[in-house]
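# Descriptive structure summary
Chain by chain, the residues:
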Amino acid sequence: DRWLKGKIDVSPNTRASYGNMLKHAKAHLGHRRVTELETLAVQQFVASMIEADLSPRTVRYVVRVLRGALEDAVQDGLLARNPVKRVRLPQQVKRAPSVLSIPQMNALLEKTKDQPAGPLWRLLLTTALRPQEAFALKWTDIDFDRCSISIVRTLVSDGKGKVFLSNTAKADSQRSVNVASSTIAALKAHKKAQTAEILEAGPSYERLGLVFTNQYGRPLDISRVRRWWKAALAATKTPDGKKLPTTRLYDTRHSHLTALLAS
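As the structure is a prediction and not an experimental result, all values here were calculated from the model.

## Re the overall build of the protein chain
When its secondary structure is counted, the protein chain shows ten helices and five strands. Projected onto its principal axes, the C-alpha positions of the protein chain cover 60 × 45 × 30 Å. Counting only residues that meet the buried cut, the protein chain has 41% of its 263 residues in that class. Counted over contacts in the protein chain with a minimum sequence separation of 6, partners at least 24 positions apart contribute 58%. Total accessible area on the protein chain is roughly 15,900 Å²; 51% of this is exposed by carbon and sulfur atoms. Considering the protein chain, the positive charge centre built from 43 side chains and the negative charge centre built from 23 side chains are found 2 Å apart.

Have a look at this one:
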């Protein structure tokens, strides 16, 4: 906990991710004194994560964060050596890319065009924005006349169920993105509908200026949006009756880039 609190050389998003990973280590190893932590105990911890069906990628990430924390403990004189260094890890399985084709994207956009999340899906699939960047988008970031969007912030989770807006961690993440006229039209219609919702909600609506919000004007819950995405995929079929493949919400970014290459 002390290491995580003092980890000020990374972004809040990265620190929150570290905290989520260390929850696994704390649950299994937290009762031990750090000076009594042996490689065998860490190896048993790795085995327990595999038995709990955590993916090899997650297991490797957890161990990498734990190794970094204990390496700092060695540097600070709390440990003579790092017990994680010689731990064996599961083989990393490369995830096959999963993207939507252009006909599949068109089918999804047509199916959801009148749904509340429709403008969000259209924005993600036609711009390659990261989902957290779209969630943090404000109306002042959109230039409707020039059909462009300025990306200057992202939505960050603190690992404890709370989210907040943060400036993008990397300078090259701040950019201007061209937007299709059809997407601009969808955003205009979305803004009109949101304005009506704000007037109806009155003082209970938080006026943060966000493009995509929950019913109270606050940032969207990332997990809930992922469920919406899965439901939208399951409910959509291509004109020839075929189901859409199961893809991650982040794969909207890959789908857009793949479509550009195909074009």
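## Considerations on the packing of aromatic side chains
If you walk through the whole model with that rule in mind, you get three aromatic pairs. Ring centres of W121 and W229 lie 5.2 Å apart, and the angle between their planes is 65°; this geometry places the pair in the edge-to-face category. You can see W121 sitting in helix α6 (residues 118-127) and its partner W229 sitting in helix α9 (residues 222-235), a full 108 residues away along the chain. Ring geometry for W139 versus F144: centroids 6.3 Å apart, planes at 25°, classification stacked.

## Focus: the nonpolar core
Among the nonpolar cores identified, the biggest contains 36 residues, and L120, W121, I142 and L187 are the most heavily contacted of them. Those elements that provide at least two residues to this core are α5 (102-112), α6, α7 (131-135), β2 (148-151), α8 (181-201) and α9. Judged by nonpolar contacts, the second largest core, of 25 residues, contains Y61, V63, V65 and L79.

## Brief notes about helix α3 (residues 39-51)
With 13 residues, α3 should reach 18 Å at 1.5 Å per residue; the first-to-last C-alpha distance of 18 Å fits that figure. Those residues of α3 that fall on the buried side of the exposure criterion are T39, A41, V42, Q43, F45, V46 and M49. Positive backbone phi, approximately 65°, marks D53, located one or two places after α3.

## As for α8
Between its first and last C-alpha atoms α8 spans 30 Å; for 21 residues at 1.5 Å apiece the expected length is 30 Å, and the two agree. Within α8 the residues assigned to the buried category are T183, I184, A186, L187, H190, Q194 and I198. Considered in projection along α8, the buried side chains sweep an arc of 150° and stay on one side of the axis. Away from the buried face of α8 by more than 90 degrees, exposed residues S181, K192, L199 and E200 are located. Against the buried residues of α8 lie α6, β1 (142-143) and β2. Directly after α8, the chain includes G202, whose backbone phi takes a positive value near 70°.

## Description of the pairing of β2
Two strands pair when backbone bridges link them, and β1 and β2 are joined in this way by two bridges, in the antiparallel orientation. Counted as the bridge partner of I142 is I149 from β2. Where β1 folds back on β2, the antiparallel hairpin that results is connected by four residues, among which C147 adopts a positive phi of roughly 55°. Inspection of the sheet shows β2 paired to strand β5 (residues 175-178) by four bridges, in the antiparallel sense. Among the inter-strand pairings, I149 is bridged to a residue of β5, identified as V177.

## With respect to the sheet that holds β2
Across the sheet, three strands lie side by side as β1-β2-β5; this open sheet has antiparallel pairing. Of all the strands in the sheet, the pair left with one neighbour each is β1 and β5.

## Some details on the packing of α3 against helix α4 (residues 56-75)
The geometry of α3 relative to α4 is characterised by a closest axis approach of 10 Å and an angle of 150° between their N-to-C directions. In terms of orientation, α3 lies roughly antiparallel with respect to α4. For the element pair α3 and α4, the recorded crossing hand is right-handed. In contact with V42, F45, V46, M49 and I50 of α3, α4 contributes V59, V62, V63 and L66. Along the lines of polarity and charge, the residues of the contact of α3 with α4 split into nine nonpolar, no polar and no charged.

Criteria and cut-off values
Residues numbered from 1 in each chain as written. Predicted model: local features only at pLDDT ≥ 70, side-chain atom pairs only at ≥ 80, totals over all residues. Heavy atoms only, no water. Helix = DSSP H or I, 4+ residues; strand = E, 2+ residues; numbered from the N terminus. Buried < 20%, exposed > 50% of the residue type's maximum accessible area, 1.4 Å probe, protein only. Contact = heavy atoms within 4.5 Å. Areas by Shrake-Rupley, 256 points an atom, 1.4 Å probe, with all protein chains shown as cover. Lys, Arg positive; Asp, Glu negative; His and termini not counted. Charge placed at Lys NZ, Arg CZ, Asp CG, Glu CD. Phe/Tyr/Trp six-rings, centres within 6.5 Å; stacked < 30°, edge-to-face > 60°. Core = buried A, V, L, I, M, F, W, Y, C linked by side-chain atoms within 4.5 Å. Expected span 1.5 Å × (residues − 1). Arc of directions from axis to C-beta. Pairing = 2+ DSSP bridges. Axes fitted to C-alpha atoms, helices over the stretch in contact; angles between N-to-C directions. Parallel < 35°, antiparallel > 145°, perpendicular 65-115°, else oblique. Left-handed = near helix turned anticlockwise from the far one by under 90°. Nonpolar A, V, L, I, M, F, W, Y, C, P; charged D, E, K, R; others polar.

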